[in-house]
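Overview (structure and organization)
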Amino acid sequence: MHTFSVYLRLIHGLVRSQMQYRVSFVMDLIATTFYTVVEFASLVLILTRIRTLGSWSIPEITLLYGLAELSFALMDLVFAGFDPAIFGAFIRQGSLDQLMLRPVSLTAQVMGSDFGLRRLGKCLMGLGILLYGVWASGIDWTPEKALFLVLVLVGMVLFFAGLFMIGSTITFWTVDSVEAMNLLTYGGRAMIQYPMSIYQDWLRRIFTFVVPAIFLNYYPVLYLLNKPDPFGMPTWIHWLSPVVGSGTFLLAVLFWRYGIRHYQSTGT
Amino acid sequence: MTVFWEIMVRAYQRQITYRAAAIAGLTTNLFFGFIKAAMVVAFYQNTSSLSGMDEKAAVTYTVVTQALLGFLSIFGTFDLMRTIYRGEVATDLLKPISFFGLWMARDFGQSVAQLVLRGSVILLVYGLFMDMDFPSSLMQWVCTIVSLLLGWTVWFTVRFLVNLTAFWSPDARGIARLCYAVTMFLSGLLMPLRLYPEWVQEFAAWTPFPYVLNTPMEVYTGVISGMDLLPALALQVLWLVVLLLLTQVIWNQASRRLMVLGG
């Protein structure tokens, strides 16, 4: 609980400082959100022309896209400090050593070190896209499905947070930021925004067996929509989503702890 | 001209020292190219042609674009802006070359390095693993290169203008990010413009952005060929002239402002 209050206080300070320059903040918020808007608009504009993507309608794609977008945006809002690119710079400058001297949770300090309220814009966009998908895709809602949707969302947030933490921990040894992790995080997000059936086999295998991202979003949405599975996996497979998410996060936390214990400063 | 050359070579050398970063960036570009190519293929499941562009041309367009990302700095640059905020711009003005020329030389040096280090490798990998088009004649190759250079210069001028807003606004970063997001869409970076509804294409044509990437790529893939080549290139030249004139006017204003503030 102590860790949590440290994190909240840190965020509070950062938010206050960001609100000092209102115009700059609004400008930043709009610009950050705009990338999401533009990317999504690009997809929708093409879809309005070709109507369906494989066997997926526009609202169905929107549901898939919104889930990926919202979960990544939420994760990025809360865990931005663990973004390997940002954390890598942190280590190179020796800033981590300063944090270690303070008698409060290191994890909370790192987590909140790059909190930007402007990312709220992405979250709201993601939420909007998801809500439209939920509303328009004609899901037969049951209490079970509603609970499931929340679990899937939480699972994905944890999954991406786990990838961020693993990436950051690797930085302890390599010092330079690991772009390979960006492939999994940003690349993974881009990939799960669309139906897995459009990808070539080798790409899909990587995201099934190496990084099990296929279970996060694709299978849950198939279940929500009662769509048939083109790859013939067993029917309980959609329940793996929260498991994969929380499992990845747990492993990441353990790895992160291990990393901290073995951290040696660059001496800068 | 020798000064221009020197600055360009320096910028090139600085780029090639960061090999690890280049390799990492390259892998990312390659990966996203595969994802986008898969999407393009999916778009063409129920149709053979969209606004006169077939599947093979669209896939080629998408992957070659990945090879050109670094060359065109299509995600935007903030370097010039930074020197304005730090006041370093004052030293740049002492150099025996025009301010525009100085930044153009720096930028072009970087771009060539990106093309050699990243672009060529990406093109090679896609060439090996994917079925893609190449310009069919010498004429088409020449036009592609000319169009690409024009596109580079148009985009450099836009970025120069965007960076100059730092003289007037403390929020130039936000303005720049907005402009670059619009460019991602209207230049045909996200997807070839011909895949969008007609009205989007018509709207885009009235902005300078399609002439940065979309035109060179349509020339490369042969979507524009024969008699259509000349008007396409002429439009690029027209936009370039307009933007250069605008730059002249705005730079005059900006440099006067710099005198007042004293750097």
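A quick note: this is a predicted structure, and the numbers were derived from the prediction, not measured. (Residues numbered from 1 in each chain as written. Chains lettered and ligands numbered in written order. Predicted model: local features only at pLDDT ≥ 70, side-chain atom pairs only at ≥ 80, totals over all residues. Heavy atoms only, no water.)

Brief notes about the overall build of chain A
Scanning chain A from N- to C-terminus turns up 12 helices and 0 strands. Against the compact-globule benchmark of 18 Å for 268 residues, chain A has a radius of gyration of 19 Å, which places it among compact chains. With the principal axes as the frame, chain A shows a C-alpha extent of 55 × 45 × 35 Å. For chain A, the proportion of its 268 residues judged to be buried stands at 53%. Expressed as a percentage of contacts within chain A between residues at least 6 apart in sequence, the contacts between residues at least 24 apart total 78%. With an accessible surface of roughly 12,000 Å², chain A has 66% of that area assigned to carbon and sulfur atoms. One way to put it: in chain A the 17 positive side-chain charges average out to a point 5 Å from where the 14 negative ones average out. (Helix = DSSP H or I, 4+ residues; strand = E, 2+ residues; numbered from the N terminus. Rg over C-alpha atoms; globule rule 2.2 N^0.38 Å. Buried < 20%, exposed > 50% of the residue type's maximum accessible area, 1.4 Å probe, protein only. Contact = heavy atoms within 4.5 Å. Areas by Shrake-Rupley, 256 points an atom, 1.4 Å probe, with all protein chains shown as cover. Lys, Arg positive; Asp, Glu negative; His and termini not counted. Charge placed at Lys NZ, Arg CZ, Asp CG, Glu CD.)

What to know about the packing of aromatic side chains
What the rule picks out here adds up to 44 aromatic pairs over all chains. Measuring from centroid to centroid gives 6.2 Å for F72 of chain A and F164 of chain A, while their planes differ by 90°, and the two rings are edge-to-face. Residue F72 of chain A is located in helix 3 (residues 58–79), and its partner F164 of chain A is located in helix 8 (residues 143–174); the two are separated by 92 residues in the primary sequence. Judged by relative accessible area, F72 of chain A falls into the buried class, the value being 2%. Here F100 of chain B and F156 of chain B contribute two aromatic rings whose centre-to-centre distance is 5.3 Å and whose plane-to-plane angle is 65°, an arrangement assigned as edge-to-face. Taken together, the positions of F100 of chain B in helix 6 (residues 99–129) and F156 of chain B in helix 7 (residues 138–164) put the pair 56 residues apart, joining distant regions of the chain. Look at F100 of chain B and you get partly exposed, because its relative accessible area is 22%. What links up through ring pairs into an aromatic cluster is the set F71, F99, F100, F108, W152, F156, F160, F167, W168 and W251 of chain B. Directly above the aromatic system of F72 of chain A lies the positively charged group of R189 of chain A, at a separation of 4.6 Å from the ring centroid. In this structure, R106 of chain B packs its charged tip against the face of W103 of chain B, placed 4.6 Å from the ring centre. (Phe/Tyr/Trp six-rings, centres within 6.5 Å; stacked < 30°, edge-to-face > 60°. Lys NZ or Arg CZ within 6 Å of the ring centre and 35° of its normal.)

Things to note about the UniProt feature "transmembrane region" (unreviewed entry) in chain B
All names here are of chain B. The positions that UniProt labels "transmembrane region" (unreviewed entry) are, in the present scheme, residues 21–45, 57–78, 115–132, 138–162, 174–193 and 229–251. The span residues 115–132 is 83% helical and 0% strand by assignment, and the distance between its end C-alpha atoms comes to 19 Å. Secondary structure content for residues 229–251 is 100% helix and 0% strand, and the end C-alpha separation is 33 Å. (UniProt positions renumbered as here; feature names shortened; annotations may be inferred.)

Remarks on the interface of chain A and chain B
On the chain B side, the residues contacting the 34 residues of chain A number 37 residues. When chain A packs against chain B, close to 3,100 Å² is buried across both sides, 75% of that on carbon and sulfur atoms. The three residues of chain A that bury the most area against chain B are Y35, I46 and R49 of chain A, which together make up 21% of that side's buried surface. With a closest N to O distance of 2.7 Å, R177 of chain B and D28 of chain A form a salt bridge. At the level of secondary structure, the elements contributing two or more residues to the side of chain A that touches chain B comprise helix 2 (22–50), helix 9 (179–192) and helix 10 (201–210) of chain A. (Buried area = accessible area lost by both parts, 1.4 Å probe. Salt bridge = Lys/Arg side-chain N within 4 Å of Asp/Glu carboxyl O.)

Some words on the pattern of salt bridges
This structure, assessed with the given rule, holds 16 salt bridges over all chains. Ionic pairing is found between R119 of chain A and D114 of chain A, a salt bridge with its closest N-O pair at 3.0 Å. The exposure class assigned to R119 of chain A is buried, which follows from its relative accessible area of 8%. The partly exposed category is assigned to D114 of chain A, whose relative accessible area is 26%. The salt bridge partner of R194 of chain B is E218 of chain B, with a shortest N-O separation of 2.8 Å. Of the two residues, R194 of chain B is situated in the loop between helix 8 (172–186) and helix 9 (198–205) and E218 of chain B in helix 10 (residues 214–220); the sequence distance between them amounts to 24 residues. Through salt bridges with shared partners, a single ionic network connects D76, D114 and R119 of chain A.

Some points on a nonpolar patch on the surface
On the surface, F134, L138, W141, V142, I145, V146 and L149 of chain B cluster together into a nonpolar patch covering about 670 Å² of accessible area. For L138 of chain B, a relative accessible area of 67% puts it in the exposed group. (Patch = residues over 30% accessible without salt bridge, like charges linked within 9 Å, V, L, I, M, F, W, Y side chains within 5 Å.)

A look at the side chain of D92 of chain B
Take D92 of chain B: it is sitting in helix 5 (residues 89–94). Look past the residues within four positions of D92 of chain B in its chain and what remains in contact with it is F99, L102, W103 and R106 of chain B.

Details of helix 7 (residues 120–136) of chain A
Residue and element names in this part refer to chain A. The end-to-end C-alpha separation of helix 7 is 24 Å, in line with the 24 Å expected for 17 residues at 1.5 Å each. The complete set of buried residues in helix 7 reads G121, K122, C123, G126, I129, L130, G133 and V134. Where helix 7 ends, the next residue or the one after it, G138, has phi of about 65°, a positive value. (Expected span 1.5 Å × (residues − 1).)

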